[in-house]
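Fold and contact review
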Amino acid sequence: MYDVIVIGAGVSGAAAARELSRYKARICVIEKEEDVCCGTSKANSAIVHAGYDAAPGSLKAKLNVRGNQMMGELAKDLDFLFKRNGSLVICTAEEDLSALQELYERGQINGVKDLRILSREETLTMEPNVTDCVCAALYAPTAGIICPFELNIALAENAYTNGVEFRFDTEVEKIVKSEEGYELHTNKGIFRTKYVVNAAGVYADELHNMVSEKKIRIMPRRGDYCLLDKAAGSHVERTVFALPGKFGKGILVTPTVHGNLLVGPTAIDVEDKEGINTSREGLEQVMEKAGLNVKNLPMRQVITSFAGLRAHEEQGDFLIGEAEDAKGFIDCAGIESPGIASCPAIGEMVAQIIRDRMGLEEKDNFISTRKGIRRPADLSKEERNELIGKEPAYGSIVCRCEMITEGEIIDAVRRPLGAKSLDGIKRRTRAGMGRCQSGFCSPRVMEILARERDMSMFDITKSGGKSQIVVGINKDAL
Amino acid sequence: MKQYDIVIIGGGPAGLAAAVSAKKNGIDRILILERDKELGGILNQCIHNGFGLHTFQEELTGPEYADRFIEQVKELDIAYKLNTMVMDISREKVVTAMNREDGLFDVQAKAVILAMGCRERARGALNIPGFRPAGIYSAGTAQRLVNMEGYMPGREVVILGSGDIGLIMARRMTLEGAKVKVVAELMPYSGGLKRNIVQCLDDYGIPLKLSHTVIDIKGKERVEGITLAEVDKGGKPVPGTEEFYSCDTLLLSVGLIPENEISEKIGVEMNRATSGPKVNESLETNIKGVFACGNVLHVHDLVDFVSEEAAAAGKNAASYVKKEHPEERNGREIRLNPENGVRYTVPVTINTARMDDELTVRFRVDGVYKNCYVSAYFDGERVLHRRRQVVAPGEMEEMKLTREQLLQYPDLETITVKVEEE
């Protein structure tokens, strides 16, 4: 019997698990995929929004602003990359100035610090590649960019270090109310728990609706993105948004924390909760609309495109709290944008609800920090040579585009909740994330993974399940 | 810091030939830096034959061809380091590299030869929509898995792009027991050599669909199928022409990109048409003493020409080190201008004082032209005029210029190379 089972190992689930791991409780995270960060958390804009977008008084507004404030400290504690690069909302028509002003005022009410409206000249001085049609911009210096994989992995690793169990490839099929709480029927057997945190992303409605008569509905809203080469990474320094208008939030252009340029997303409602397939129309729209606010975009330098699904709940706000007619079932649903920014605050809120309901006591041995994978590229020459002297694998470059060493890949596999697939290694180290998109390094990475996990090459997958890379040996079918 | 006369970045066909040539031209302190575990580069995975017809008048496999040069490198006692990645290079030609044994180390070079080769364009560059499952490989990655590691990446294969590696892999996958269903090519012509279309597709009954592209990829975990559609002249899919192919593998052979990240670090000026450095008659970049050859300079079809070009680069780098061409011998700088059907030329400038008696100008055309002429105009005057039955983007062209010929035009400023109807 667990005290709490968290369903879903995305950023919300991992943040909730990590916050809960401060307390004396038996906690387990159940994840249907083979790794953390496999759903919405892995495919989004990787933005820590400032917090001026959401309606005042909404959970989105409150948790976004709080999460943004917490992120700096959290990034230091958990050793992940986060940069407050600031954001600009571009206004290109005089008649929209009132809308920009409204956004500014909303930000003030939400408690966003240091917001400013910039003139056309100020904007262009700050960000010369913004469209010449700009007439004003809302500048939010507290906005930032982050590596969502690292954020998610760091939260999960730290939760694990603090005693949280993780079960992967475990899918909840049925939830039964029991005397003490809930029984979760999964493909890996029955799990019993007093409390459930429903952080199942686009599936959160299905789980909620298993226990509650007050039905919710989550509509996956797909966003298509294009990622550009690092050579284009300094095209803008800040995150550039369109003024939210009749076309929604619009296509943003942002540097990533690793120095690429990201453009997107579209907003297309889809039925399929696994429908992360990009569409021609979607990608065309990204290419076309990205140029509205940023000029001279080098779209020739796209290295990959992808899509993510926003877990959009019909009411439009985050849905966090105990289900009215299902005691002990804590929803953490409808976590769409600004979910990445909000996740530290979401975790805190969920943990506080459960702490108060269960009367949990704080541990005295909570470990609040975590060291990430060592990045040799950040070391001085002397430090790097000292490292290679001790561990020669750090002298061997495997991914030539991102300059990732074998040492980093080994670390990614061996560390707590280590990588089991090529995508797992990619999310942890960036091997395969560069301009050749794993063309050169995948055979090497497969070899290292097979050796480290003592597995056959035929069991190596791209991302778990049936995503094997090789299917046999030469001539075996002849 | 160790000093070398010439540091060669890359130990593939270009680097090897450059090293051998530099040594034969009197340079002793040469170092080849190779990132892979053996010399030979991509030739090691090209186990088919057809290499060496020009160089050795023999038909060799890729590894055999590489071996001829590797043997020379060893006989000539040229130093090389394997598993060694070049991390950085400075304007002063300090090359920073790294491996397991030496860690991060610097070497000082008098001249540098860039011979890093190229990489394959990935799916992202084409923005092919659909899922992102396992089973999508660049043709070269599949070639490595099959030819060097012995693993089958899939059983039922569709290939997008008719570049040479894609064509070669269509045959290889068939020989290893896979079913290659179709090769689709976006352009109305193949990007590969004619002989490869005959020997790799026609001989095995594999259909080639020109003016077709992949418009969707199905399969969430592993590829389950792809949809092809015909494209119009603008490259847009034509509605109603969609055709679904069930398959577990999609191979991409959609172009090669010279790998010039290191070159760009030292400010080497690039040619947009080739994605390689702009070079003069000596295959020297805008940075004195930095030379380029092989696929890092422009993508070749035949390794024989890579070797030839690299030998020239090696010889020229040797001359540079020996200061055989003092700057005061300033000859005339003639500009080469690609026009009307010619996409680029290598080199882009010629200095008559530095050039050899004969110079090979290599170039590619931008489309298929039949019964045409390839001409060179010396300023206004048509000097070279050669009839060609057919020229195509998949086959590199060349033109020989002699020093004597250029000296007959003392005021010559520009040589324009173009395709003409008559």
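Since we're looking at a predicted model, the values are computed, not measured. (Residues numbered from 1 in each chain as written. Chains lettered and ligands numbered in written order. Predicted model: local features only at pLDDT ≥ 70, side-chain atom pairs only at ≥ 80, totals over all residues. Heavy atoms only, no water.)

1. Topic: helix 5 (residues 148-161) of chain A
Residue and element names in this part refer to chain A. Going by this rule: Helix and strand definitions here come from DSSP, where helices need a minimum of 4 consecutive H or I residues and strands a minimum of 2 consecutive E residues; each element is numbered from the N-terminal end. Helix span, as expected, comes to 1.5 Å for every residue beyond the first. Burial classes: relative accessible area under 20% of the type maximum marks a residue as buried, over 50% as exposed, and values in between as partly exposed (1.4 Å probe, protein chains only). For this analysis, residues touch if any pair of their heavy atoms sits within 4.5 Å.
Across its 14 residues, helix 5 extends 20 Å between first and last C-alpha, which sits within 8% of the 20 Å expected from 1.5 Å per residue. Taking burial as the measure, the 14 residues of helix 5 include twelve buried ones, the bulk of the element. Residues of helix 5 that are buried include every one of Pro148, Phe149, Glu150, Leu151, Asn152, Ile153, Ala154, Leu155, Ala156, Glu157, Asn158 and Ala159, and no others. On its buried side, helix 5 packs onto helix 1 (11-20), helix 2 (59-78), strand 8 (144-146), strand 9 (165-167), helix 8 (339-358) and helix 11 (422-429). Trailing helix 5 by a residue or two, Gly163 shows a phi angle of about 100°, which is positive.

2. Re the nonpolar core
Where a protein is soluble and globular, its nonpolar side chains tend to be buried together. Selection rule: What is meant by a nonpolar core is a set of buried Ala, Val, Leu, Ile, Met, Phe, Trp, Tyr and Cys residues, joined one to another through side-chain atoms within 4.5 Å.
Of all hydrophobic cores here, the largest spans 76 residues; its most connected members are Phe80, Leu151 and Val197 of chain A. Top element by residues in this core is helix 8 of chain A. It accounts for nine residues. Ignoring sequence-local partners within four residues, the contact set of Phe80 of chain A consists of Met71, Leu74, Ala75, Ile146, Glu150, Leu151, Ala154 and Arg375 of chain A. Within the second largest apolar cluster, 63 residues are counted, among which are Phe105, Ile262, Ala317 and Tyr344 of chain B.

3. Some thoughts on the side chain of Glu406 of chain A
What counts here: Polar contact is the term for a pair of N or O atoms within 3.5 Å; when the atoms are in protein, one must be able to donate a hydrogen and the other to accept it, and sequence-neighboring residues count only if both atoms are side-chain atoms.
By the secondary structure assignment, Glu406 of chain A is in helix 10 (residues 406-414). For Glu406 of chain A, a relative accessible area of 5% corresponds to the buried category. A distance of 3.0 Å separates the side chain of Glu406 of chain A from the side chain of Arg100 of chain B, its partner in a polar contact. Those residues in contact with Glu406 of chain A, other than ones at most four positions away along the chain, are Ala393, Ser396, Val398, Arg444, Ile448 and Arg451 of chain A together with Arg100 of chain B.

4. Notes on the interface of chain B and chain A
The condition that has to hold: Here the quantity called buried area is the total loss of accessible area, with a 1.4 Å probe, experienced by two parts when brought into contact, counted for both. Salt bridges are identified by distance alone: a Lys or Arg side-chain nitrogen within 4 Å of an Asp or Glu carboxyl oxygen. Polar here means any residue other than Ala, Val, Leu, Ile, Met, Phe, Trp, Tyr, Cys and Pro, which are nonpolar, and Asp, Glu, Lys and Arg, which are charged; Gly is therefore polar.
The interface is formed by 51 residues belonging to chain B together with 59 residues belonging to chain A. When the buried surface of chain B facing chain A is broken down by residue, Arg100, Asn127 and Arg132 of chain B rank first, second and third, together holding 15% of it. Linking chain B with chain A are eight salt bridges, by the criterion used here. Of the charged contacts, one joins Glu176 of chain B and Lys475 of chain A as a salt bridge, the two residues approaching to 3.0 Å between their closest N and O atoms. Along the contact surface separating chain B from chain A lie 22 residue pairs in polar contact (both at pLDDT 80 or more). Residue contributions to the side of chain B that touches chain A peak at five residues, all from helix 4 (residues 139-149) of chain B. Here the side of chain B that touches chain A is built from residues that sort into 23 nonpolar, eleven polar and 17 charged.

5. A few points about unusual backbone geometry
At the junction of Gly264 of chain A and Pro265 of chain A, the peptide bond is cis and its omega measures out at -5° in the coordinates. Its place among the elements puts Pro265 of chain A in the loop between strand 16 (261-264) and strand 17 (268-269). Residue Val346 of chain B is joined to Pro347 of chain B through a cis peptide bond whose omega torsion reads 5°. Here Pro347 of chain B lies in the loop between strand 24 (342-346) and strand 25 (349-351). One non-glycine residue, Asn296 of chain A, lies in the positive phi region at around 55°. Assignment of secondary structure puts Asn296 of chain A in the loop between helix 7 (280-290) and strand 18 (302-313). On the accessibility criterion, Asn296 of chain A (59% relative accessible area) is exposed.

6. Examining the pattern of salt bridges
Per the stated rule, a full pass over the model turns up 74 salt bridges over all chains. For the salt bridge of Lys110 of chain B with Asp5 of chain B, the shortest nitrogen-to-oxygen distance reads 3.1 Å. Taken together, the residues span a long stretch of sequence, with Lys110 of chain B in strand 8 (residues 103-114) and Asp5 of chain B in strand 1 (residues 2-9) at a distance of 105 residues. Classification of Asp5 of chain B by relative accessible area gives buried; the value is 9%. Through salt bridges with shared partners, a single ionic network connects Asp229, Arg400 and Arg435 of chain A together with Arg35, Arg119, Glu259 and Glu261 of chain B.

7. Here's the deal with the environment of Ala25 of chain A
Residue placement: Ala25 of chain A occurs in the loop between helix 1 and strand 2 (27-30). Sequence separation between Ala25 of chain A and Arg444 of chain A is 419 residues, and the spatial gap between their C-alpha atoms is 42 Å.

8. Description of the domain arrangement of chain B
Residue and element names in this part refer to chain B. Defined as follows: As used throughout, domain bounds are those supplied by an automatic or database domain assignment.
Once the domains are mapped, chain B shows domain 1 (1-120 + 256-325), domain 2 (122-254) and domain 3 (329-422). Summarising the inter-unit geometry, the C-alpha centres of domain 2 and domain 3 are found 35 Å apart. Counting residues at the interface gives five residues for domain 2 and six residues for domain 3. Between domain 2 and domain 3, a total of about 380 Å² is buried, with carbon and sulfur atoms accounting for 57% of that surface. Contact with domain 3 buries surface across domain 2, with Tyr189, Gly191 and Leu193 losing the most and accounting together for 76% of the total. Connecting domain 2 to domain 3 are zero salt bridges.

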